[in-house]
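So the chains spell out like this:
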Amino acid sequence: MARIDSINEGEARQQTEIKKGSLSQEPKFDAKQTVREAIEQALGDAKKHWLATACHYLRQNSDNH
């Protein structure tokens, strides 16, 4: 998606309501961080958005059971 690798014959279309980002295929890590800390740093605001979306979904669907 980031056009770093050119060997890709697939096709991608972005839906308007979806946010996109990219992760390096060979990221640089801080040797002092744990794996969890590195992932949380990389996710940044995406983690907060995902958690909010998941909580909203669960609240909506908890009434259906």
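What counts as what
Residues numbered from 1 in each chain as written. Predicted model: local features only at pLDDT ≥ 70, side-chain atom pairs only at ≥ 80, totals over all residues. Heavy atoms only, no water. Helix = DSSP H or I, 4+ residues; strand = E, 2+ residues; numbered from the N terminus. Buried < 20%, exposed > 50% of the residue type's maximum accessible area, 1.4 Å probe, protein only. Areas by Shrake-Rupley, 256 points an atom, 1.4 Å probe, with all protein chains shown as cover. Patch = residues over 30% accessible without salt bridge, like charges linked within 9 Å, V, L, I, M, F, W, Y side chains within 5 Å. Salt bridge = Lys/Arg side-chain N within 4 Å of Asp/Glu carboxyl O.

Novice: Explain the overall build of the protein chain here, please?
Specialist: Broken down by element type, the protein chain carries 2 helices and 0 strands. The buried share of the protein chain, reckoned over its 65 residues, is 2%. Accessible surface for the protein chain amounts to roughly 7100 Å². Of this, 54% is attributable to carbon and sulfur atoms.

Novice: In this structure, what is going on with a nonpolar patch on the surface? I would like to understand it.
Specialist: A grouping of V35, I39 and L43 is seen on the molecular surface, where their side chains present a nonpolar patch of about 280 Å² in accessible area. Note that L43 resides in helix α1 (residues 35-43).

Novice: Would you explain the pattern of salt bridges in this entry?
Specialist: Pairing between side chains of opposite charge can happen when the charged atoms of each approach one another. In total, this model carries 1 salt bridge according to the counting rule given. The closest approach of N and O atoms between E40 and R36, which form a salt bridge, is 3.0 Å. Residue E40 and its partner R36 are located together in helix α1, separated by 4 residues, close to a single helical turn.

Bear in mind that shape data such as this cannot, by itself, settle questions of function.
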